[in-house]
Amino acid sequence: MLTACWSVKGGSGTTVVAASLLLTAAAAGRHVVGADFAGDLALALGLPEPAGPGLLDWMAAGPDVPPDALGRIAHDTSHGITLIPRGASAAADADAGRRLAKALRGVRAGGPVVADCGRVASPAVEAFVAAADRSLLVLRPCYLALQRANDAPRPTAVVLIAEPQRHLGRRDVESILGVPVVAEIAWQAQIANAVDEGLLRRGLPRPLAHAMKAVAA
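Below, the structure is looked at part by part.

Before going further, it helps to spend a moment on helix α10 (residues 206-216). Within α10, the full set of buried residues consists of Leu 208, Ala 211, Met 212 and Val 215. Down the axis of α10, the buried side of the element spans an arc of 100 degrees, and every buried residue falls inside it. Exposed side chains of α10 directed beyond 90 degrees from the buried face belong to Arg 206, His 210 and Lys 213.

Okay, here's the thing in structure tokens:
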């Protein structure tokens, strides 16, 4: 299964959600692939930043690049996670995004793939998200983000980053977007500190681990 984690505004938490999904799958004994469009996935996992070409280079190479070329730019870690880095910034069209989604499904014999797409801001990434088996919109419940999300491609579900003193909540999001909120993660300093210190792979903070079980189900 290919899961795309994305947002309509920067700083929404897509990298944390994607990293947590990868770690949850790896802890269950599954070999999982992380596709890093945003460029921060390795850091969030507390791993060295992979060098060399990446996803953007694969897409920019055009339709004749063989799908198995993804395997040559992937980096295995000792934690049951294979990372494919972002690569150099290069222009790509919507067709390239759809081709990449298809090719990623074949990596590791069709095992789970989690993509950190960050803020969707290009036709290629937007097409990739639309072609994913599961599209998870990571959303902070602010009015501007909700309005942008309402104009964006329809996700499969929403992961809501709940913040104190916000008037908008789960019911508002589900009513406006017409899709379920599969997990609600309360903003906590414990989670932020674990991310800042690169400690997520040593163990997800309990509230985050609980939320990821609901997303992974």
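On we go.
By the secondary structure assignment, Ile 191 is in helix α9 (residues 189-196). What makes Ile 191 buried here is its relative accessible area of 9%. Taking the C-alpha atoms as reference points, Ile 191 and Pro 207, 16 residues apart in sequence, are found 8.3 Å from one another.

The next thing to look at is the pairing of strand β8 (residues 181-186). Bridge count between strand β7 (residues 157-162) and β8: five bridges; the pairing is parallel. Across the sheet, Ala 162 pairs through a bridge with Ala 186, a residue of β8. You can see the chain leave β7, run along helix α8 (residues 170-177) and come back into β8, and the turn it takes is right-handed.

Most of β7 is tucked away, with six of its six residues classed as buried. Alignment of strand β6 (residues 134-139) against β7, held across four bridges, turns out to be parallel. Looking at the pairing, Leu 136 lines up with Ala 157 of β7. Chirality of the crossover, the property in question, places the unit of β6, helix α7 (residues 143-151) and β7 among those that are right-handed.

With that settled, consider the sheet that holds strand β3 (residues 75-76). The eight strands lie next to each other as β3-β4-β2-β5-β1-β6-β7-β8, forming an open sheet whose pairing is mixed. Pairing within the sheet leaves two strands with one partner each, and these edge strands are β3 and β8. The strands touched by α10 are β6, β7 and β8; relative to β8, the strand with the most contacts, the crossing angle is about 175 degrees.

Close contact between helix α5 (residues 94-104) and helix α6 (residues 123-131) brings their axes to 7 Å; oriented N to C, the two are set at 40 degrees. Considered as vectors, α5 and α6 are oriented oblique to each other. Regarding α5 and α6, the two cross each other, and that crossing is right-handed. Two secondary-structure elements touch here, α5 through Ala 94, Gly 97, Arg 98, Leu 100, Ala 101 and Leu 104 and α6 through Pro 123, Ala 124, Ala 127, Phe 128 and Ala 131.

Thresholds, definitions, all that
- Residues numbered from 1 in each chain as written.
- Predicted model: local features only at pLDDT ≥ 70, side-chain atom pairs only at ≥ 80, totals over all residues.
- Heavy atoms only, no water.
- Buried < 20%, exposed > 50% of the residue type's maximum accessible area, 1.4 Å probe, protein only.
- Helix = DSSP H or I, 4+ residues; strand = E, 2+ residues; numbered from the N terminus.
- Arc of directions from axis to C-beta.
- Pairing = 2+ DSSP bridges.
- Right-handed = clockwise from strand over helix to strand, strands pointing away.
- Contact = heavy atoms within 4.5 Å.
- Axes fitted to C-alpha atoms, helices over the stretch in contact; angles between N-to-C directions.
- Parallel < 35°, antiparallel > 145°, perpendicular 65-115°, else oblique.
- Left-handed = near helix turned anticlockwise from the far one by under 90°.

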